[in-house]
Amino acid sequence: MSTWDVRSECTTGCAAHAVPRVPFTEAARRCAAFAYAAGRALRDGERMAEPARLRAHARAVLGAIGVRLVVATPEAGGGRRAR
């Protein structure tokens, strides 16, 4: 298994859960926020490869589109924490 494998405990039965659709105005806001965050990252040029900048840009892009990242930490007994 690769480090980048995607795993989900969701079965085909839970794929149609009752999460409301994102309204058009929120989708437009997310698109604008994504474009702004991606533009800022691209303006950094080669400096974007610096670990702190890369983390900040990745956090901004994911936040702009409404993605919440959950990290499993093996050193913490396999518990999960939200970022």
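In short, a report on the structure. Computed from a prediction, not measured in an experiment: that's the story for all the values here.

### Side note on helix α1 (residues 24–43)
Logical step 1: For α1, built from 20 residues, the straight-helix expectation of 28 Å at 1.5 Å per residue is met to within 8% by its first-to-last C-alpha distance of 28 Å.
Logical step 2: Of all the positions in α1, only A37, G39 and A41 are classed as buried.
Logical step 3: G45 lies just past α1 and shows a positive phi near 60 degrees.

### Looking at the pattern of salt bridges
Logical step 1: The full count for this structure, using the stated rule, is 5 salt bridges.
Logical step 2: In this structure, R47 engages D44 in a salt bridge whose closest nitrogen and oxygen atoms are separated by 3.4 Å.
Logical step 3: Residue class for R47 comes out partly exposed when judged on its relative accessible area of 42%.
Logical step 4: Between D44 and R53 there is a salt bridge, with its nearest N and O atoms 3.0 Å apart.
Logical step 5: In this structure, a network of salt bridges that share partners links the residues D44, R47, E50 and R53.

### Examining a nonpolar patch on the surface
Logical step 1: On the surface, a nonpolar cluster with roughly 380 Å² of combined accessible area is contributed by F34, L62, I65, V67 and L69.
Logical step 2: Along the chain, V67 turns up in the loop between α2 (51–64) and β1 (70–72).

### Remarks on the side chain of H57
Logical step 1: Note that H57 resides in helix α2.
Logical step 2: According to the relative accessible area criterion, H57 is buried, its value standing at 10%.
Logical step 3: H57 has contacts with R40, A41, D44 and M48, leaving out every residue within four places of it along the chain.

### Structural notes on the packing of α1 against α2
Logical step 1: In contact at an axis separation of 8 Å, α1 and α2 are set at 165 degrees when each is read in the N-to-C sense. The angle between α1 and α2 falls in the class roughly antiparallel. Considering the relative orientation of α1 and α2, their crossing is left-handed. The residues of α2 that touch α1, namely those facing R29, R30, A33, F34, A37, A38, R40 and A41, are H57, A60, V61 and A64.

Calculation criteria
Residues numbered from 1 in each chain as written. Predicted model: local features only at pLDDT ≥ 70, side-chain atom pairs only at ≥ 80, totals over all residues. Heavy atoms only, no water. Helix = DSSP H or I, 4+ residues; strand = E, 2+ residues; numbered from the N terminus. Expected span 1.5 Å × (residues − 1). Buried < 20%, exposed > 50% of the residue type's maximum accessible area, 1.4 Å probe, protein only. Salt bridge = Lys/Arg side-chain N within 4 Å of Asp/Glu carboxyl O. Patch = residues over 30% accessible without salt bridge, like charges linked within 9 Å, V, L, I, M, F, W, Y side chains within 5 Å. Areas by Shrake-Rupley, 256 points an atom, 1.4 Å probe, with all protein chains shown as cover. Contact = heavy atoms within 4.5 Å. Axes fitted to C-alpha atoms, helices over the stretch in contact; angles between N-to-C directions. Parallel < 35°, antiparallel > 145°, perpendicular 65-115°, else oblique. Left-handed = near helix turned anticlockwise from the far one by under 90°.

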